[in-house]
Amino acid sequence: MEELIRDLNPPQREAVTAGDGPVLVVAGPGSGKTRVITHRIAWLLSRGVPPWRIIAITFTNKAADEMRERVLRLVPAGTGLWVSTFHSACVRILRREIEALGYKNSFTIYDTADRDRLLKKIMEEEGFSPRDVRPAALGRRISWFKNRALGPGEHLGAGNEIDVILEKVWPVYRERMKTANALDFDDLLLLTLELFHRFPSVKEKWSGRFLHVLVDEFQDTNKIQYDLAKNLSSAHGNIMVVGDPDQSIYGFRGAQVRNILDFEKDFPAARIVKLEQNYRSTEKILRAAGTVISNNLARKEKDLWTEKRGGEPLDLLMAPTAEEEALRVAGRVRSWLASGVSPGEIAVFYRVNARSRLLEAAFRAEGIDYRVVGALSFYQRREIKDVLAWLRLVVNPFDEISFSRAVSAPPRGVGGKSLERILARARSLGLSPVDVAADPAGIPRLTSKAKEGLAAMAKLLGSLRADAGRAPALEMVRRALEETGYLDWIHETADPLEARDREANLDELLSAAAQVDERDPEGGLAAFLERVSLVSDQDGLASKGEVVQLMTLHTAKGLEFDAVAIVGLEEGTLPHLFSIDSEEGVEEERRLFYVGVTRARKHLLLSFAESMMSAGEWREMERSRFLGEIPQDVFNSWGPEEEDQEEDPEEERDLLPPAPPGEGPGPGARVRHGSYGEGVIKAVRGDKRNKRLVVDFGEAGTKILLLEFSDLEFL
DNA sequence: CCGGTGCTAACACCT
DNA sequence: TTAGCACCGG
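Residues numbered from 1 in each chain as written. Chains lettered and ligands numbered in written order. Predicted model: local features only at pLDDT ≥ 70, side-chain atom pairs only at ≥ 80, totals over all residues. Heavy atoms only, no water.

Focus on the protein's contact with DNA strand B
- The environment of DNA strand B is made up of 28 residues, and the closest members are R134, R253, N353, G415 and A615.
- Sugar plus phosphate: this is where 59% of the atoms of DNA strand B within 4 Å of the protein reside.
- A distance of 2.8 Å is found between a phosphate oxygen of DNA strand B and a backbone nitrogen or oxygen belonging to V414.
- Contact distances for DNA strand B include 3.0 Å between a phosphate oxygen and a side-chain N or O atom of S418. (Near = heavy atom within 4 Å. Polar contact = N/O pair within 3.5 Å; in protein donor to acceptor, adjacent residues only side chain to side chain.)

Remarks on empty space enclosed by the protein
- In the structure shown here, the tally under the stated rule is 1 cavity of 30 Å³ or more.
- Every residue along the wall of the largest cavity is listed here: G21, R40, L44, H212, V213, L214, N238, I239 and M240.
- At the level of secondary structure, the elements contributing two or more residues to the lining of the largest cavity comprise α3 (33–46), β6 (212–215) and β7 (239–243).
- Ranked by residues supplied to the lining of the largest cavity, first place goes to β6 with 3 residues.
- A class-by-class count of the residues in the lining of the largest cavity yields 5 nonpolar, 3 polar and 1 charged. (1 Å grid on protein atoms, 1.4 Å probe; cavity = no way out; pocket = protein on both sides within 12 Å on 5 of 7 lines; lining within 4 Å. Points joined across faces, edges and corners; volume = space filled by probe spheres on them. Helix = DSSP H or I, 4+ residues; strand = E, 2+ residues; numbered from the N terminus. Nonpolar A, V, L, I, M, F, W, Y, C, P; charged D, E, K, R; others polar.)

Considering the packing of aromatic side chains
- Applying the stated rule across the entire model yields 14 aromatic pairs.
- Here F349 and F561 contribute two aromatic rings whose centre-to-centre distance is 6.1 Å and whose plane-to-plane angle is 65 degrees, an arrangement assigned as edge-to-face. Pair noted here: F349 is in strand β10 (residues 346–350) and F561 is in strand β13 (residues 561–566), with a separation of 212 residues, a long-range link. The pair formed by F349 and F561 is uniform in burial state, with each residue classed as buried. (Phe/Tyr/Trp six-rings, centres within 6.5 Å; stacked < 30°, edge-to-face > 60°. Buried < 20%, exposed > 50% of the residue type's maximum accessible area, 1.4 Å probe, protein only.)

Remarks on the environment of D187
- By secondary structure assignment, the location of D187 is in helix α9 (residues 185–198).
- Here the alpha-carbon distance between D187 and D220, two residues 33 residues apart in the chain, equals 18 Å.
- Residues in contact with D187, not counting those within four places in the same chain, are K146, M177 and T192.
- Within the local environment of D187, its side chain forms a polar contact with the side chain of K146, the two groups lying 2.7 Å apart. (Contact = heavy atoms within 4.5 Å.)

Observations regarding helix α14 (residues 322–338)
- Compared with an ideal rise of 1.5 Å per residue, which puts 17 residues at 24 Å, α14 spans 24 Å between its outermost C-alpha atoms and is within 8% of the ideal.
- When α14 is considered as a whole, its buried residues turn out to be A322, E325, A326, V329, A330, V333 and W336. Buried residues in α14, looked at end-on, bunch into an arc of 135 degrees, giving them a common side.
- Of the residues trailing α14, G340 is marked for its positive phi of about 105 degrees. (Expected span 1.5 Å × (residues − 1). Arc of directions from axis to C-beta.)

Description of the sheet that holds strand β2 (residues 54–58)
- The strand order across the open sheet built from 6 strands is β3-β2-β6-β7-β1-β8, with neighbouring strands paired in parallel fashion. Each edge of the open sheet is held by one strand with a lone partner, namely β3 (82–85) and β8 (271–275). Between one strand and the next, the sheet's axes are offset by a mean angle of 15 degrees, whatever the strand orientation.
- By the bridge criterion, 4 bridges tie β2 to β3 in an arrangement that is parallel. (Pairing = 2+ DSSP bridges. Axes fitted to C-alpha atoms, helices over the stretch in contact; angles between N-to-C directions.)

Looking at helix α22 (residues 486–493)
- Three or more residues of α22 are buried, namely Y486, W489 and I490. One face of α22 carries all of its buried residues, which in axial projection span an arc of 105 degrees. Exposed residues pointing more than 90 degrees away from the buried face of α22 are listed as D488 and E492.

What about the pattern of salt bridges?
- Under the counting rule described, the total for this entry stands at 50 salt bridges.
- With a closest N to O distance of 3.0 Å, R334 and E366 form a salt bridge. Taken together, the residues span a long stretch of sequence, with R334 in helix α14 and E366 in helix α15 (residues 355–366) at a distance of 32 residues.
- Taking relative accessible area as the criterion, R334 reaches 35% and is therefore assigned partly exposed.
- With its nearest N and O atoms 2.7 Å apart, the salt bridge here joins R355 to E570. Placement of the pair is R355 in helix α15 and E570 in the loop between β13 and α25 (583–597), with a sequence separation of 215 residues.
- Given the relative accessible area of 0%, E570 is considered buried.
- Taken together, the shared-partner salt bridges in this structure form one network comprising K33, D216, E217, D220 and K557. (Salt bridge = Lys/Arg side-chain N within 4 Å of Asp/Glu carboxyl O.)

A word on the layout of surface pockets
- Here the second largest pocket defines a volume of roughly 810 Å³.
- Around the second largest pocket, the lining is made up of 24 residues, and of these R68, R92, D520, E530 and R531 lie nearest the centre.
- Elements with a minimum of two residues in the lining of the second largest pocket: α4 (61–74), β3, α5 (86–97), α23 (496–519) and α24 (524–533).
- Of the residues forming the lining of the second largest pocket, the biggest block, 5 residues, is contributed by α4.
- Considering only residue class, the lining of the second largest pocket consists of 9 nonpolar, 7 polar and 8 charged.

Focus on the nonpolar core
- Counting residues in hydrophobic clusters, the biggest one holds 53 residues, and the most contacted among them are L388, L391, F403, L454, L509 and F528.
- Ignoring anything within four residues of it in the chain, the contact list for L454 reads F403, V407, R412, V414, I422, A437, P440, I443 and L446.
- Counting residues in each nonpolar core, the second largest holds 41 residues, with L191, L193, F218 and I224 among its members. (Core = buried A, V, L, I, M, F, W, Y, C linked by side-chain atoms within 4.5 Å.)

Description of the packing of helix α21 (residues 473–483) against α24
- Packing of α21 against α24 leaves a shortest axis separation of 7 Å and a crossing angle of 80 degrees. Classified by the interaxial angle, the pair formed by α21 and α24 is roughly perpendicular. Contacts from A473, M476 and V477 of α21 reach α24 at G524, L525 and F528.
- Taken together, the residues that form the contact of α21 with α24 break down as 5 nonpolar, 1 polar and no charged. (Parallel < 35°, antiparallel > 145°, perpendicular 65-115°, else oblique.)

Quick look at the side chain of D562
- As for its position among the elements, D562 is in strand β13.
- Within the structure, the side chain of D562 is placed 2.8 Å from the side chain of R601, a separation counted as a polar contact.

Description of the packing of α14 against α15
- α15 packs onto α14 with a crossing angle of 50 degrees between their chain directions and a minimal axis gap of 8 Å. By the angle between their directions, the pair α14 and α15 is classed as oblique. Of the two possible hands of crossing, α14 and α15 adopt the one that is right-handed. Across the interface between the two elements, A322, E323, E325, A326, L327, V329, A330, G331, V333 and R334 from α14 touch R355, L358, L359, A362, F363, A365 and E366 from α15. (Left-handed = near helix turned anticlockwise from the far one by under 90°.)

Quick notes on the sheet that holds β10
- As summarised here, the arrangement of the 6 strands in space is β9-β14-β13-β10-β12-β11, forming an open sheet in which the pairing is parallel. The open sheet is flanked by β9 (315–319) and β11 (370–372), the only strands paired with a single partner. Across the sheet, the mean angle from the axis of one strand to that of its neighbour is 20 degrees, orientation sign disregarded.
- Here 4 bridges tie β10 to strand β12 (residues 548–552), and the two strands are oriented parallel to one another.

Interpretation in functional terms is not warranted from these geometric data alone.
Take a look at the structure:
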């Protein structure tokens, strides 16, 4: 027991060895908060608390896995611990309890894309055009309300077009989700909470089971999650929450820093421990972070300090365009590598996913191996979603969205119209779409090909279902691939290159299944689908060795690297345009920047571009206000001021299209294009770098070309 | 009904 | 640049 606390500083030790009752740990970046949680769990175990009576909530599955490992290293007898995200914990509870709420425990988890597909269908049925309001916008709005514990009818939809549509669509969405025996991400939390509220005995059962509740990243919990944590600890009040108000970056998901204040109110007896010594970053990095964050008015003062004096100066980089910025950053990464920083210890952060494309191109050009963490996930790919649809149907034949997908992957002569008739019939008979497909005779106006196809589909699903309980996940995925004819279909339709690409992805899916089998031999298909539904951006697939990592600032939360580059420090990017007009919004952006900066141990590079291409237009950018908030003496040079004057006119001229003589190529001028041949300019639109030419190329048609990239020869 | 083609609009952050 | 959609021919 002694060695558990030997290497801890006094406040860490206080938190780890705290007695029963509520504890709030306010932990600055790099102050050893993960250490505190793992040692706390180990401490509890060593004092005889059975592992299955401890639940620790983390932000991602990856963090959960790591935490479990670290605890087991300290106390090997820790099997049975619950370490998971809120979402995973809720799924585990719901699998056992959800029947009380009228769902079947074989429920499917819908991701955002599934949700939006269903919403689109409902909108069409209700006579709304998915063009006026995008289904995804509705979906986000529903999620927005749910994350704030508001239901249909409870929202204040005065005049807002989305909310008017929502009024009609949301109730139907609820019904349909229930019919499909499906839950969206928000439902996982909400229904668990509903369960606790409506069935006190269930709540007592679970809160009685867990003697200790620990919540990491508490500053990013929303009201629902806070209520869940409170409910889970209601029997004994042994709850420890760990967080840092300055790192709260999920306001858009309903996260409220207020939870930290409420915690002190809800638990007046709470012990409060502050961790202020930073073990991660150099003094320069820490000072930059500290002065930036001190510009937030809505915060509690906190003094982070470190014993690491000095450190390397921060690096500031300015580039005329975002492309150029990416290239220069890649170049800087190359010199980090050359100076001995290992690739896995280097990361590049950006505010918006779109920025990763430029970086990827630059890294490829530089020949540096990299990995994009998160972003358009593997599981969003078409072939993956198709196969998963089959597998989800095996477990839950009521899942309409998966049925709609599987029925035409591969196609079997059933299109939109027939599909609607099948689903309608299923709903009216209270059967699953798969049941209806098994007996296609009852469905009007089907071709014989469609009937055969449907019967075969139902038969195959039945046979897969018979094995689903006992076969390993790997075998189920392989059977789905082969017996549905999916693999063959890919090779018949797609061009060979694309087919190979897709098959490679499917191979990865097979390895993912094998991995689940290995971790959880009893779990089978159900465990696989669950894991797949709840992967987070940080989780990724099997990590591809030691390479440079690219990710958003949000994904960077909780990670640390020797060398960090943060790109896109422009007004409108960071802080983002959508946040710029409210003080609250800007403060959250500032925290996001703070999170990014504090990920770095030794080297920090900050960069921005003076212009970028977005939505097909060049936009001039200004450097982010946050840069101006950093004390100048932490930089190796505060160059941009002078550079602005010397370099700018030069660079600007290089980038602008050559000034045309006189009024330049105007309407009527003849031009030649590499592939379209000769043509005549019909009109000129836009100005400066956004100047576009409308050119009639005769047989090749009329094209609109951005002058800068048009490569035209003027005749 | 299926699948390819060409047009249009848009483009946070995440479980 | 791309994703998603309407449209059209087989």
